[in-house]
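Commentary on secondary and tertiary structure
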Amino acid sequence: MYHSHQSQARTRPIYNYRHPAKSTAAVEVGSENERISVIGLGLMGSLLSVSFANNDHKVIAVDMDSRKVNGINQNHSPIQDAELEAAIISARNKRNLVATSDLHNAILQTEVTLVCIGKVDPQESTVAKNIETVCQQIGATLAIKGHYHLVVIHSDLNSTCSEKHLKPILEKWSNKRCGKDFGLCYLPLHVAHKSQYSTAKLSEGILHGAHDNKSANAASRLFSTLDIGLKNVGVAAKLNTN
């Protein structure tokens, strides 16, 4: 799944793209110079980490595999890809990318968390359980944070499934309300591979995968700093209960 989309976007790798300068008005979630934690250093997590890091965001990449963590911190790609490794070196030289296995502190130091665990196979519960465990850990950390935090779930779970299973976990462990105290979006795994050169286009550049308007606006501002063909994140109609 990853590699088929990867080959389509090779004309100009998104992780080297420099977005035009924007106004430095009010700083909020999804604006310039965001502090972002990315959980999972597979291809998706690696691409998103360097994409945001090379576009002036501060990124903390999180993985339990010490080899991947040490690799990033020594300027090596966890994925065998020369362009990706060059982009990691660029991000590291800008001091915009660091890797760690400490999920708790990574979330405490950031305003946005991207969960990039991997493809979920209905016949295999391991990845789904991993996502649930990560959401528990995120929720437990949000419980001691005093400000709004945006959580973006990158998986092939549909919005309804994510809303039904993951949102309650985050709310339970954080003792906070989704949409008010923290934001939540569900974006497909392949979104990060889309660019203006990709043959697979998003419909009108809008993806309806946010829990509420505040989450949608924050995610839209954040992803607008990347050239991935995603102009806007909208609220999923069936999920909008606000």
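Above this note sits the structure.
Description of the structure in this document.

Criteria and cut-off values
Residues numbered from 1 in each chain as written. Predicted model: local features only at pLDDT ≥ 70, side-chain atom pairs only at ≥ 80, totals over all residues. Heavy atoms only, no water. Helix = DSSP H or I, 4+ residues; strand = E, 2+ residues; numbered from the N terminus. Areas by Shrake-Rupley, 256 points an atom, 1.4 Å probe, with all protein chains shown as cover. Buried < 20%, exposed > 50% of the residue type's maximum accessible area, 1.4 Å probe, protein only. Contact = heavy atoms within 4.5 Å. Salt bridge = Lys/Arg side-chain N within 4 Å of Asp/Glu carboxyl O. Core = buried A, V, L, I, M, F, W, Y, C linked by side-chain atoms within 4.5 Å. Polar contact = N/O pair within 3.5 Å; in protein donor to acceptor, adjacent residues only side chain to side chain. Phe/Tyr/Trp six-rings, centres within 6.5 Å; stacked < 30°, edge-to-face > 60°. Lys NZ or Arg CZ within 6 Å of the ring centre and 35° of its normal.

1. Considering the overall build of the chain
- Counting its secondary structure elements, the chain contains 8 helices and 8 strands.
- If you sum the accessible surface of the chain, you get close to 11,100 Å²; carbon and sulfur atoms cover 50% of it.

2. Side note on the environment of C135
- With respect to the helices, strands and loops of the structure, C135 is situated in helix α6 (residues 126–142).
- The class for C135 is buried, based on a relative accessible area of 0%.
- The spacing of C135 and E171 is 36 residues in sequence and 9.5 Å in space, taken between C-alpha atoms.
- Sequence-distant contacts of C135, that is, excluding residues within four places in its chain, are made with I153, L166, I169 and L170.

3. Remarks on the pattern of salt bridges
- Counted under the stated rule, the structure contains 3 salt bridges.
- Residues E171 and K167 are paired through a salt bridge, measuring 3.4 Å at the closest nitrogen-oxygen approach. With E171 and K167 both in helix α7 (residues 159–174), this residue pair falls 4 residues apart, about one helical turn.

4. Points about the environment of W173
- Position of W173 among the secondary structure elements: in helix α7.
- Since its relative accessible area comes to 41%, W173 is described here as partly exposed.
- For the pair W173 and Q137, spaced 36 residues apart in the sequence, the C-alpha separation amounts to 7.8 Å.
- Excluding its chain neighbours within four sequence positions, the residues that come into contact with W173 are Q136, G139, A140 and A143.

5. Notes on the nonpolar core
- One finds I36, F52, L97, L114 and L150 to be the most contacted residues of the largest nonpolar core, which totals 39 residues.
- Per-element accounting of this core gives the leading share, 7 residues, to helix α2 (residues 43–53).
- Core analysis: the second largest hydrophobic core is formed by 21 residues, L103, L166, C178 and L184 among them.

6. Observations regarding unusual backbone geometry
- With a phi close to 75 degrees, D56 is a non-glycine residue in the positive phi region.
- Summarising the element assignment, D56 is placed in the loop between α2 and β2 (58–62).
- Looking at D56, the relative accessible area reads 33%, which means it is partly exposed.
- Backbone geometry places R95, a non-glycine residue, at a positive phi of 60 degrees.
- The exposure class assigned to R95 is exposed, which follows from its relative accessible area of 71%.

7. A few points about the side chain of S220
- Along the polypeptide, S220 turns up in helix α8 (residues 213–223).
- There is a polar contact of 2.7 Å between the side chain of S220 and the backbone nitrogen of V233.
- Filtering out sequence-adjacent residues up to four positions away, S220 remains in contact with N232 and V233.

8. Considerations on the packing of aromatic side chains
- In the structure shown here, the tally under the stated rule is 1 aromatic pair.
- The interplanar angle of 75 degrees and the centroid separation of 5.6 Å between the aromatic rings of F52 and F223 together place this pair among those described as edge-to-face. Residue F52 is found in helix α2, and its partner F223 is found in helix α8; the two are separated by 171 residues along the sequence. For the pair F52 and F223, a shared accessibility class is recorded, and that class is buried.
- A cation over a ring is seen here: K214 above Y148, with NZ or CZ 4.1 Å from the ring centre.

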